[in-house]
Amino acid sequence: MAPTSSFNLQTCARKNILQLIPYRCARDDYKDDGSNILLDANENAYGPSLPINGVDGSEAKIGYDLTHLNRYPDPHQEDLKQLFCNYRNTNPAKPLTPANLFLGVGSDEAIDALLRCFCIPGKDKILTCPPTYGMYSVSAQVNDVEVVKETLDLTSGKFELRPEAINKRLSEDPTIKIVYICSPGNPTASIADREAVRKVLAHPTWNGVVVVDEAYIDFAPEGSSLAPWAVDYPNLVVMQTLSKAFGLAGIRLGAAFTSPEIAQLLNNLKAPYSISSPTSSLAMAALSPAGLAVKEENVRKLLAQRDRLLFELPKIPGIGRFLGGFESNFLLVEVLDKNLTPDSGIAKKVYEELAEGCGVIVRYRGGEPGCAGCLRITVGTEAEVSKLLENLKEVLKGVRRE
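Residues numbered from 1 in each chain as written. Predicted model: local features only at pLDDT ≥ 70, side-chain atom pairs only at ≥ 80, totals over all residues. Heavy atoms only, no water.

1. A closer look at helix H8 (residues 194-201)
And then number 1: Considered for burial, the residues of H8 that qualify are Ala 196, Val 197, Val 200 and Leu 201. Projection of H8 onto a plane perpendicular to its axis shows the buried side chains occupying an angular sector of 145°, all on one side.
And then number 2: Here the buried face of H8 lies against helix H7 (163-172), strand S6 (209-213) and strand S7 (236-241).
And then number 3: At the N-terminal boundary of H8, the capping side chain belongs to Asp 193, with an oxygen 3.1 Å from the backbone nitrogen of Glu 195. (Buried < 20%, exposed > 50% of the residue type's maximum accessible area, 1.4 Å probe, protein only. Helix = DSSP H or I, 4+ residues; strand = E, 2+ residues; numbered from the N terminus. Arc of directions from axis to C-beta. Contact = heavy atoms within 4.5 Å. Polar contact = N/O pair within 3.5 Å; in protein donor to acceptor, adjacent residues only side chain to side chain.)

The following block contains the structure:
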């Protein structure tokens, strides 16, 4: 028999944690048994960008000696940071340097670290622009930070940033300390207009940080990244990751480009040795010339399949408009009822039947602002896209007949 205890979880745990609604993904509903086609999480279906018999014919040169696993990893990762800088530098006169970088366990660590750095729990707030990535709000709730929402433009279907509305909120509420902007957006796949971001950065009185989340930036046109701006704007943070275009979601590595002062604060508060030696070695291989060549080839193939989806999906009865943009490795598309109206109920059924009956897992997004009747479909390999198109046509035919 367990000893008597006065412990009460409901009164012991923090109230905001007890009320926390965790981030959910499609794989919470549909576990992968190895046979499913996974078009839900915006991963790179062509695999990791590592020089393993890569496009240049080179062999693997990961360069990590497993006998060193008894030693803690490099706490500063200067060499890896320099490779990130080399990859993003566009202005030789004002280059990014390792002092401009924070490396974390995925971009999610940077999201959380920024909240802990700039927001006083129970007092300060962040601003997000729905529809957007869910972890901004989850991390804010964990840290007992209120979320102020200023939606993207929902009228045109393009989901453009509204800098005047954002700046009005910032003028009215100085307790807003961080603005999170997703570009390309998730689930919108739209690039934030550079001048719109500049307007928020140029707010004349607000004392806060603008965070631009560029997880999907390598699927956008060359030169789209705002990372080089970090040398000019003291309150800008540009987050990136190796999870998407580089196909390295499994190593959990994210980077945040910012001013040396903010980078130092973030590095001061992070856990020691948080980037493992194998992670660092794999990342350096991916950012080597041979690894970058593999990444470019995989991105080229994904963009070709994205173009194929843009051409083929509208031919399927029951598929409506593409919303947002086309600057990522996924598309946001409407599902229509018999009256050609976007229908979230039908979209939810299509999502469920694709997963349960066909083993094709996409993402239902119909509950997001401006996304009525929408599915978010990750671009897969040629074979995966073929199976998606074939099954989607049949599933839609059956669901719309009901």
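2. Regarding the nonpolar core
And then number 1: Ranked by internal contacts, the top residues of the largest apolar core, which has 49 residues, are Phe 84 and Leu 253.
And then number 2: For this core, the element with the highest residue contribution is H8, accounting for four residues.
And then number 3: In this structure, this core is formed jointly by two domains, domain 1 (15-44 + 293-400) and domain 2 (70-287), each of which donates at least three residues.
And then number 4: Discounting chain neighbours no more than four positions away, the residues touching Phe 84 are Leu 101, Leu 103, Leu 242, Leu 253, Ala 255, Phe 257 and Leu 287.
And then number 5: Counting 36 residues, the second largest nonpolar core, distinct from the first, contains Leu 39, Leu 309, Cys 358 and Leu 388. (Core = buried A, V, L, I, M, F, W, Y, C linked by side-chain atoms within 4.5 Å. Domains from an automatic or database assignment.)

3. Topic: the sheet that holds strand S12 (residues 363-364)
And then number 1: An order of S9-S10-S13-S12 is seen for the four strands of this open sheet, with the pairing classed as antiparallel. The strands lining the two open edges of the sheet, one partner per strand, are strand S9 (319-323) and S12.
And then number 2: Here strand S10 (residues 330-335) pairs with strand S13 (residues 374-378) via five bridges, running antiparallel. The residue of S13 that forms the bridge with Glu 334 is Cys 374. (Pairing = 2+ DSSP bridges.)

4. Comments concerning the sheet that holds strand S5 (residues 176-182)
And then number 1: On the basis of which strands lie adjacent, the open sheet formed by seven strands has the order S2-S8-S7-S6-S5-S3-S4 and mixed pairing. At either end of the open sheet lies a strand with only one pairing partner, and these are strand S2 (101-104) and strand S4 (146-149). Neighbour-to-neighbour, the strand axes of this sheet turn through a mean angle of 25°, independent of strand direction.
And then number 2: The pairing of S6 with S7 spans four bridges and is classified as parallel. Counterpart to Val 212 in the pairing with S7 is Val 238. (Axes fitted to C-alpha atoms, helices over the stretch in contact; angles between N-to-C directions.)

5. So, the packing of H7 against H8
And then number 1: In the contact formed by H7 and H8, the axes pass within 9 Å of each other and the chain directions differ by 15°. By the angle between their axes, H7 is roughly parallel relative to H8. In this structure, H7 meets H8 at a crossing whose hand is right-handed. In contact with Pro 163, Glu 164, Ile 166, Asn 167 and Leu 170 of H7, H8 contributes Ala 196, Lys 199 and Val 200.
And then number 2: Of the residues that constitute the contact of H7 with H8, the class distribution is five nonpolar, one polar and two charged. (Parallel < 35°, antiparallel > 145°, perpendicular 65-115°, else oblique. Left-handed = near helix turned anticlockwise from the far one by under 90°. Nonpolar A, V, L, I, M, F, W, Y, C, P; charged D, E, K, R; others polar.)

6. Details of the packing of aromatic side chains
And then number 1: Following the criterion strictly, the structure yields seven aromatic pairs and no others.
And then number 2: Counting every residue linked through ring pairs, the aromatic cluster contains Tyr 133, Tyr 136 and Tyr 180.
And then number 3: We note Lys 348 situated over the ring of Tyr 364; from NZ or CZ to the ring centre the distance is 5.4 Å.
And then number 4: One cation-aromatic arrangement involves Arg 376 over Phe 330; the distance from NZ or CZ to the ring centre is 5.6 Å. (Phe/Tyr/Trp six-rings, centres within 6.5 Å; stacked < 30°, edge-to-face > 60°. Lys NZ or Arg CZ within 6 Å of the ring centre and 35° of its normal.)

7. Remarks on unusual backbone geometry
And then number 1: In this chain, Ser 183 is followed by Pro 184 through a cis amide linkage whose omega measures -5°.
And then number 2: Its place among the elements puts Pro 184 in the loop between S5 and H8.
And then number 3: Of note, the amide linkage connecting Asn 186 to Pro 187 takes the cis form, showing an omega dihedral of 25°.
And then number 4: Summarising the element assignment, Pro 187 is placed in the loop between S5 and H8.
And then number 5: Of note, the phi angle at Gln 77 is positive, near 55°, even though the residue is not glycine.
And then number 6: For Gln 77, the location among the structural elements is in the loop between strand S1 (37-38) and helix H4 (78-88).
And then number 7: Judged by relative accessible area, which is 6%, Gln 77 ranks as buried.

These values are about where atoms sit, not about what they do.
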